[in-house]
Structures are given as C-alpha cells and as structure tokens.
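Structural characterization, general
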Amino acid sequence: MGQNPAWTADVPSQQAIAASQLSSLPEPLLGDLFTGSTRVRVPAGTLTHREGDPYPHLELMVSGLLKFYATAPDGRTITVRYCRRGSLMGVVSLFSPDFALPVSAVALTDTELVRLSPVHVRGAAARELQVAHVFLRELSERVLGFMAEIPGSAFTSVRQRVARHLLDLAAGADAGRLGMPAPMADAGSELAVRTTQQELAQAVGSVREVVVRILRELREAGVVRTERDRIVIVEPGRLAELAIWNPGS
C-alpha cells in the first residue's frame, strides 16, 4: 500500500473496508483518509500494543485474528475484544486527551492490518462531517459493546463465559459485542475452535483447572469434543443456550 497520496485499495483492503464502518464513505473521502497509510504484516504471537501506550493510532484489520486483553495485578488476564477483518482499532486514541491504552493487544494468528496516519485521519474528521459521523458510530458501537459485556463478565458463571468465548471464536463474529452468543447459520453443524485450555482460561479470567473441569462436563454432555490444540463444538445450539445471560432468570 505504501504512502502514495493517490491511494488505491487492493481486494483484501476493499473487503476489510466493506466490513467496517468506513464502508459508507465515498471513494474520494477514503482516499483522503488513507493518505499516508501503511500495510503491516504481524506474525502470530506478536504484541502489537502494550497497556499504558500513550500513542494515537488507528488501524484497520485486513485479515487474521487479534485480541485485546486486560491483566490483573496477580497476572490473570481477561479478553475484552477480538478483532477480525473490518475491525477498527484505536479510534478513541485520536480524540481522547491524555490517552493511555488500558489494555494490551496480541496477534493470535498471522495478521495483516492497515495503519492509518493519525494526522491525516484527524484532519479528515475535522473537515468532513461524513468522516466524523463514521467515527461517532464506531465509538458508539464500542461503548454499547462494552456496556453489554460488563454484566456478562460480572454476573455470569465461568461456564457461561467459556461458552460465549467458544461460540465467538468459532462463529467469527465481531467480539466487541460479547454480551450475546454469535449468530450461526446452522445451529446443528459442528464448529471448530483452535485454542488451548490455558488460552481459554486466560480469555475468560479464570484458571486452567476450572476450564478443564467445565470442558469435561461439556464433553460428557455431548456438547463439545476436545482435540489437540482445538475444541470442536458438536452442538452449537445447546452451547448457545448455556451462554445466554438472562437478568430476569
């Protein structure tokens, strides 16, 4: 992609834009917005952002899977967002005074993303109302997603959180909204999740021993099947029922 002012998107970038909030912008505004952008390949396991980073940034996921996670003083972690194709990352850093990133981010798979120029993005948002509206919609979606996640993390059991994270990873939905299980076209088909028991425990803010017990119970009930480095959801519909948090129940 480089830094050519006459920016043009290749097919993967076009698909990422189409899956993002940027899809509503006309081509001239996209060209302005992406001026000075760079395409970056991030190997799996790479820490892309660290908690406390003060730097303004805006990134568009082109491919792969990246997660943002918070770390407790005792070393436990909990996943707060998964990012896939079309996810925008860092909008709040562009407009928040005294910004400091409250979480860290790591690439779970080989990932490609576009890093936009904060200077050009801020300028485009100041000049063009359509661009400003795009970022307002993105920020609103993030706020609503995290608000939905608060009761899901505070009031659900570890068993429910395990179910939700398995469904989210398997279905490929945007995990900025983890409050409800991801929709599935066919609730009867098997879904595979490439993760380890330790990674799953870290994602839900628990320990491996608890997750092992929960997976054993789900396996004995015929809901999942565990294999090396992956978990197969045998009955997604039943797992979705376990994942739902109902404040009226």
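The structure contained in this document is the topic of the report that follows. (Residues numbered from 1 in each chain as written. Predicted model: local features only at pLDDT ≥ 70, side-chain atom pairs only at ≥ 80, totals over all residues. Heavy atoms only, no water.)

This part is about the environment of leucine 22. With respect to the helices and strands, leucine 22 occurs in the loop between α1 (11–18) and α2 (27–33). Here the alpha-carbon distance between leucine 22 and glycine 86, two residues 64 residues apart in the chain, equals 8.8 Å. Once you skip the residues sitting within four places of it in the chain, leucine 22 turns out to touch Ile17, Leu30, Leu33, Phe34, Leu88 and Val134. (Helix = DSSP H or I, 4+ residues; strand = E, 2+ residues; numbered from the N terminus. Contact = heavy atoms within 4.5 Å.)

To continue, consider the sheet that holds strand β4 (residues 66–71). Spatial ordering of the open sheet is given by β2-β7-β4-β5, a layout of four strands whose pairing is antiparallel. The open sheet has two free edges, formed respectively by β2 (47–49) and β5 (77–83), since each of these has just one partner strand. For this sheet, the mean angle separating the axes of adjacent strands, direction not counted, is 35°. In terms of strand pairing, β2 meets strand β7 (residues 104–107) through two bridges, oriented antiparallel. Following the sheet pairing, leucine 47 is matched in β7 by valine 106. (Pairing = 2+ DSSP bridges. Axes fitted to C-alpha atoms, helices over the stretch in contact; angles between N-to-C directions.)

This next bit is on a nonpolar patch on the surface. Together, Val143, Leu144 and Met147 give the surface a local cluster of nonpolar side chains, amounting to about 310 Å² of exposed area. Tracing the sequence through the fold places methionine 147 in helix α5 (residues 129–154). (Patch = residues over 30% accessible without salt bridge, like charges linked within 9 Å, V, L, I, M, F, W, Y side chains within 5 Å. Areas by Shrake-Rupley, 256 points an atom, 1.4 Å probe, with all protein chains shown as cover. Salt bridge = Lys/Arg side-chain N within 4 Å of Asp/Glu carboxyl O.)

By the secondary structure assignment, glutamate 59 is in strand β3 (residues 58–63). On the basis of relative accessible area, glutamate 59 is assigned to the buried category, the value being 3%. Among the polar contacts made by the side chain of glutamate 59, one reaches the side chain of histidine 49 at a distance of 3.0 Å. A polar contact of 2.8 Å, which involves the side chain of glutamate 59, links it to the side chain of arginine 115. Once residues lying within four places of it in the same chain are set aside, the contact partners of glutamate 59 are His49, Ser87, Leu88, Met89, Leu113, Val114 and Arg115. (Buried < 20%, exposed > 50% of the residue type's maximum accessible area, 1.4 Å probe, protein only. Polar contact = N/O pair within 3.5 Å; in protein donor to acceptor, adjacent residues only side chain to side chain.)

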